[in-house]
Amino acid sequence: MDGFTIAWLLWVGFFGAIEGAALANKQPGDTLSEHLWRWFAITGKPAGWRARRAVLVAGLAWLVAHLLSGGRF
C-alpha cells in the first residue's frame, strides 16, 4: 500500500468520524449535507443563489463525467 492509498483511507476515516459525530449530535447544521445546502443556497434564495447553484451543478456534472469517463474529463 502506497502513501496516497493510506492518505485517502485516512481521509475517508476522518470524514466518517466527523459525519458520524454530526449525525449523533442531531443538531441542525452539523452534517456535510446541511453545510452544502447552506453554502449553495439550496433551502432559500439569498443574494447570489443562482450563481451558487450553477457552481454546484457544474461541479457535480464535471465529477460525474470525470468518474464515468475514467478520468478523460
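Everything below is about the structure printed above this text.
Cut-offs used in this document
- All residue numbers refer to positions counted from 1 along the written sequence of the respective chain.
- Given that the model is predicted, a residue must reach a pLDDT of at least 70 before its local features are reported, and side-chain atom pairs must reach 80 or more before they are shown or counted; all residues, however, enter totals for whole chains, interfaces and linings.
- Water and hydrogen atoms were dropped before computing side-chain values, which therefore reflect all heavy atoms in the structure.
- Per the convention used, a helix needs a DSSP run of H or I reaching at least four residues, while a strand needs a run of E reaching at least two, with both numbered from the N terminus.
- For a helix, the expected span equals 1.5 Å multiplied by the residue count minus one.
- Each residue's exposure class comes from its accessible area (1.4 Å probe, protein chains only) as a fraction of the maximum for that residue type: buried when under 20%, exposed when over 50%, partly exposed otherwise.

1. Points about helix 3 (residues 49-68)
Working step 1: End to end, helix 3 covers 28 Å across 20 residues, agreeing with the expected 28 Å (1.5 Å per residue, within 8%).
Working step 2: Within two residues after helix 3, Gly 70 carries a phi angle of roughly 75°, on the positive side.

2. Regarding unusual backbone geometry
Working step 1: Here Lys 26, not a glycine, exhibits a phi torsion of approximately 55°, which is positive.
Working step 2: Structurally, Lys 26 is set in the loop between helix 1 (3-25) and helix 2 (32-39).
Working step 3: Look at Ala 41: it is not a glycine, yet its phi comes out positive at around 55°.
Working step 4: Along the chain, the position of Ala 41 falls in the loop between helix 2 and helix 3.
Working step 5: Residue classification places Ala 41 among the buried residues on the basis of a relative accessible area of 3%.

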